[in-house]
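Here are the chains, one letter per residue:
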Amino acid sequence: AIGYIKGNSDSAIGFLPEDTEWTLELYYKFMLADGKFQITPNLIYVADPGGGGLAWEDDSLFILGVRFYVPF
């Protein structure tokens, strides 16, 4: 999934960030035991979270996660 956030020119100055925020999410679902056990690892990258970062400061985020699903 890819996300892009940017305030439009009609927004009130000072209330919304002027810069943009990019988000990229990669994930895959492994299904075992006929779908009764699922593992979903994911990686999320967020460039300039909040959109108001300083140009000289690297404020990118990498988030690594895993989800286990077991119905009972």
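Reference entry: report on the structure contained in this document. Note that residues are indexed from 1 along each chain, following the sequence as it is written. For a predicted model such as this one, the threshold for reporting local features is a pLDDT of at least 70, and the threshold for listing and counting side-chain atom pairs is 80 or more; totals across whole chains, interfaces and linings nevertheless cover every residue. By convention in this description, side-chain values take in all heavy atoms of the structure and omit both hydrogens and water.

**Looking at unusual backbone geometry**
Here's step 1: Positive phi, normally seen in glycine, also occurs at A33, with a value near 55°.
Here's step 2: Along the chain, the position of A33 falls in the loop between β3 (30–32) and β4 (37–47).
Here's step 3: We note that D34 has phi near 55°; this positive angle belongs to a residue other than glycine.
Here's step 4: We count a stretch as a helix when DSSP gives it H or I for four or more residues in a row; a strand needs E for two or more, and each element gets its number in order from the N terminus. As for its position among the elements, D34 is in the loop between β3 and β4.

**Description of a nonpolar patch on the surface**
Here's step 1: Where nonpolar side chains cluster on the molecular surface, the patch consists of I2, Y4, W22, L24, L26, L43, F62 and L64 and spans about 910 Å² of accessible area.
Here's step 2: Those elements giving two or more residues to the nonpolar patch turn out to be β1 (2–5), β2 (21–27) and β5 (61–69).
Here's step 3: Here the nonpolar patch gets three residues from one element, more than from any other, and that element is β2.
Here's step 4: Within the element layout of this structure, L26 appears in strand β2. Distance thresholds for patches are 9 Å for like charges and 5 Å for nonpolar side chains (Val, Leu, Ile, Met, Phe, Trp, Tyr), applied to residues having over 30% relative accessible area and no salt bridge. Throughout, the Shrake-Rupley method with a 1.4 Å probe supplies accessible areas, and for residues the shown protein chains are the sole cover considered. A pair is scored as a salt bridge if a Lys or Arg side-chain nitrogen falls within 4 Å of a carboxyl oxygen belonging to Asp or Glu.

**Observations concerning the side chain of T40**
Here's step 1: Mapping T40 onto the fold places it in strand β4.
Here's step 2: Contacts: residue pairs with any heavy atoms within 4.5 Å of one another. Ignoring any residue separated from it by four or fewer positions in sequence, one finds T40 in contact with Y27, Y28, K29, G65, V66 and R67.

**Let's talk about the environment of I39**
Here's step 1: Inspection of the secondary structure assignment puts I39 in strand β4.
Here's step 2: For I39, the residues in contact, after removing those within four places along its chain, are Y28, K29, F30, L32, V66, R67 and F68.

**Brief notes about the packing of aromatic side chains**
Here's step 1: Stacked, edge-to-face and tilted are the three classes for Phe, Tyr and Trp ring pairs, Trp counted by its six-membered ring, which pair at centre distances within 6.5 Å; planes under 30 degrees apart are stacked, over 60 edge-to-face, the rest tilted. Counting across every chain of the model gives four aromatic pairs.
Here's step 2: Each ring, one from Y4 and one from W22, has its centre 4.6 Å from the other, and the planes form 50°; the classification is tilted. With a gap of 18 residues between them, Y4 in strand β1 and W22 in strand β2 connect regions that are remote in the sequence.
Here's step 3: Burial classification: accessible surface area is computed with a 1.4 Å probe over protein chains only, and a residue below 20% of its type maximum counts as buried, one above 50% as exposed, and the rest as partly exposed. Take Y4: its relative accessible area is 46%, and that puts it in the partly exposed class.
Here's step 4: On the basis of relative accessible area, W22 is assigned to the partly exposed category, the value being 42%.

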